[in-house]
Amino acid sequence: MSLRALWLSGLFSVGCLWATMPLTLVQADDPASADDSVAEDAPSAAEEEKTWEELVARLREIEARVEVIREEFTAADAAGQATLRSEFNQLTMELQTEVYPTLAEQAVSRLEQFPEDLDAAELVMQQMYNANRFADAARLADMILAEKPTNTAALNFGGVSHFAIHDFAISHELLALAQQEGSLAPEVGGQYLESSETYIELWETEQAIREREAAAEGDEQLPRVLFKTTRGEILLELFENEAPNTVANFISLVEEEYYNGLKFHRVIPNFMAQGGCPNTRPGAAGLPGSGGPGYNIPCECYAEKARKHFAGTLSMAHAGRDSGGSQFFITHLPTPHLDPEMRPDGAHTVFGRVVEGMDVAAALELGDVIESAEVVRKRNHPYEPMTLAPQ
């Protein structure tokens with residue numbers, strides 16, 4: 001596993017890089033910005049290309065030197081180990097403050113000019129992954145793996161990105177290969193190795209349900225709600241068949257204009273965006289994330305027919321079983337750890353999904369506002385939820 005691949009994957013740590021070498025990494029207190037060594041005038045294309053090539057060459061030098069340090073460290077005496085540790089820290093600092101920031105800054109334009117540049121592709125792949133652009137990240141990972149079948153970053157990020165876009169068989173193949181190669185990163189691909197296999201069957205079941213829902217007519221069609229946010233529109237379809245009380249609660253709140261003006265108060269990239277807290281309304285005094293409608297509703301996630309968490313899932317947020325109210329979240333990718341199988345007494349009720357505007361949902365940021373929420377389709381009956389006293 002190369003130093004470069006580990007850095008790119010965000011897994012650059014003593015534990016995963018060295019099994020027998022107890023080095024202590026030095027972190028920059030105030031890393032230099034990418035502009036510190038850049039002239040005011042933008043470099044010409046030739047100068048930028050040369051700069052990229054010089055940086056990649058330096059990256060290779062550092063990788064080669066680290067391999068030597070790794071070989072020499074175990075056999076060195078205490079003084080020699082101290083010297084090697086110091087050199088390792090200096091190389092780390094150079095990567096952190098000079099090499100990688102500049103490479104990342106140039107990666108997109110570099111890849112546009114030279115689509116075959118795998119170094120640029122790795123960097124752009126990580127940028128796409130961090131931005132929840134999983135289809136783009138998966139495409140780049142596939143391109144890299146076609147040339148380098150055991151590339152650590154591509155196996156991990158590609159495995160998770162394919163998982164995020166419901167390509168579970170491909171995801172499992174990549175993550176299993178990473179495990180076989182000893183390069184499965186616990187913080188990235190390692191989280192999804194087992195789920196990538198179990199979700200193959202779960203996705204087949206989900207697709208069959210969605211096909212039946214799409215064929216429904218008249219009053220059998222599922223309700224829909226349109227969010228207009230500061231980032232764009234999100235059309236949600238609600239799973240009334242499996243979570244009728246949660247859907248009734250959501251629709252009743254929408255029709256009361258409860259969600260209008262509320263913010264997304266918790267956004268975690270590569271996980272989800274959460275909203276629905278009344279304390280995010282302008283002028284509210286409460287702590288964002290701690291509010292609700294003044295009552296709770298029971299969880300419906302423990303029923304046999306309960307739906308699972310996939311990408312674009314609309315699910316109830318809560319502070320414990322049967323404590324949900326108005327807060328919800330939209331997932332960026334499947335989240336098996338929120339299903340009852342992995343959280344027997346703290347699972348979350350799936351009650352809908354994004355049918356249009358997944359790109360908007362994936363791009364939501366902290367503080368984005370639900371300008372309006374509107375029920376655009378519902379069944380011909382009252383939506384009156386059964387509620388519980390607040391916990």
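Here the structure is a predicted model, which means the values were calculated and not measured.

Points about the sheet that holds strand E4 (residues 272-275)
For step 1, the next point in the chain: Pairing in this open sheet of 8 strands is antiparallel, and the strands run E3-E4-E6-E5-E7-E2-E1-E8 from one edge to the other. Two strands bound the open sheet, and with one partner strand each, they are strand E3 (264-268) and strand E8 (370-377). Direction aside, the axes of adjacent strands within the sheet are offset by 25° on average.
For step 2, the next point in the chain: Bridging between strand E2 (residues 232-238) and strand E7 (residues 350-356) involves 4 bridges; their strand directions are antiparallel. By the bridge assignment, Leu 235 is partnered in E7 with Glu 356.
For step 3, the next point in the chain: Sheet strands in contact with helix H10 (residues 244-255) are strand E1 (224-229), E2, strand E5 (313-316), strand E6 (328-331), E7 and E8, and its direction is about 120° off that of E8.

Let's talk about the nonpolar core
For step 1, the next point in the chain: Of all hydrophobic cores here, the largest spans 50 residues; its most connected members are Trp 52, Leu 103, Met 125, Tyr 129 and Leu 140.
For step 2, the next point in the chain: Elements with a contribution of two residues or more to this core: helix H3 (45-73), helix H4 (78-113), helix H5 (118-130), helix H6 (134-147), helix H7 (152-164), helix H8 (168-180) and helix H9 (193-215).
For step 3, the next point in the chain: Sorting elements by how many residues they give to this core places H4 first, with 9 residues.

A look at the pattern of salt bridges
For step 1, the next point in the chain: Tallying each qualifying case throughout the model produces 20 salt bridges.
For step 2, the next point in the chain: When the shortest N-O distance is used, the salt bridge between Glu 61 and Arg 58 registers 3.0 Å. Here Glu 61 and its partner Arg 58 are both found in helix H3, 3 residues apart, which amounts to about one turn of the helix.
For step 3, the next point in the chain: Taking the shortest distance from any N to any O, the salt bridge between Asp 345 and Arg 321 comes out at 2.9 Å. Of this pair, Asp 345 sits in the loop between E6 and E7 while Arg 321 sits in the loop between E5 and E6, and the two are 24 residues apart along the sequence.
For step 4, the next point in the chain: With a relative accessible area of 36%, Arg 321 lands in the partly exposed category.

What about the packing of aromatic side chains?
For step 1, the next point in the chain: Evaluated as defined, the whole model comprises 19 aromatic pairs.
For step 2, the next point in the chain: Aromatic side chains Phe 168 and Trp 203 sit 6.3 Å apart centroid to centroid with 70° between the ring planes, which places their arrangement in the edge-to-face category. Taken together, the residues span a long stretch of sequence, with Phe 168 in helix H8 and Trp 203 in helix H9 at a distance of 35 residues.
For step 3, the next point in the chain: Since its relative accessible area comes to 14%, Trp 203 is described here as buried.
For step 4, the next point in the chain: Ring plane angle 65° and centroid distance 5.2 Å describe the contact between Phe 250 and Phe 351, whose orientation is recorded as edge-to-face. Placement of the pair is Phe 250 in helix H10 and Phe 351 in strand E7, with a sequence separation of 101 residues.
For step 5, the next point in the chain: Looking at Phe 351, the relative accessible area reads 0%, which means it is buried.
For step 6, the next point in the chain: Above the ring of Phe 310, the side-chain terminus of Arg 210 is found at 5.9 Å from the ring centroid.
For step 7, the next point in the chain: Positioned over the ring face of Phe 239 is Arg 307, at 3.6 Å from the centre of the ring.

A word on the confidence of the model for the protein chain
For step 1, the next point in the chain: Per-residue confidence for the protein chain averages 88 on the pLDDT scale, and 87% of its residues sit at or above 70.
For step 2, the next point in the chain: Confidence drops under pLDDT 50 across residues 1-49; counting only partners more than four residues distant or on other chains, this segment forms 93 contacts.

Points about the environment of Glu 257
For step 1, the next point in the chain: Tracing the sequence through the fold places Glu 257 in the loop between H10 and E3.
For step 2, the next point in the chain: Judged by its relative accessible area of 54%, Glu 257 falls in the exposed class.
For step 3, the next point in the chain: Sequence spacing of Glu 257 and Ala 373 is 116 residues, and the spatial spacing of their C-alpha atoms is 6.9 Å.

A few points about H5
For step 1, the next point in the chain: When the terminal C-alpha atoms of H5 are compared, their 18 Å separation across 13 residues agrees well with the 18 Å that a helix rising 1.5 Å per residue should span.
For step 2, the next point in the chain: Every buried residue of H5 is listed here: Leu 118, Asp 119, Ala 120, Ala 121, Glu 122, Leu 123, Val 124, Met 125, Gln 126, Met 128 and Tyr 129.
For step 3, the next point in the chain: Regarding H5, its N-cap is Asp 117, as a side-chain oxygen of that residue lies 3.0 Å from the backbone nitrogen of Asp 119 further along.
For step 4, the next point in the chain: A positive phi of about 65° marks Asn 132, the residue just after H5.

Each value, and the rule that gives it
- Residues numbered from 1 in each chain as written.
- Predicted model: local features only at pLDDT ≥ 70, side-chain atom pairs only at ≥ 80, totals over all residues.
- Heavy atoms only, no water.
- Pairing = 2+ DSSP bridges.
- Helix = DSSP H or I, 4+ residues; strand = E, 2+ residues; numbered from the N terminus.
- Axes fitted to C-alpha atoms, helices over the stretch in contact; angles between N-to-C directions.
- Contact = heavy atoms within 4.5 Å.
- Core = buried A, V, L, I, M, F, W, Y, C linked by side-chain atoms within 4.5 Å.
- Buried < 20%, exposed > 50% of the residue type's maximum accessible area, 1.4 Å probe, protein only.
- Salt bridge = Lys/Arg side-chain N within 4 Å of Asp/Glu carboxyl O.
- Phe/Tyr/Trp six-rings, centres within 6.5 Å; stacked < 30°, edge-to-face > 60°.
- Lys NZ or Arg CZ within 6 Å of the ring centre and 35° of its normal.
- pLDDT = per-residue confidence, 0-100.
- Expected span 1.5 Å × (residues − 1).
- Polar contact = N/O pair within 3.5 Å; in protein donor to acceptor, adjacent residues only side chain to side chain.

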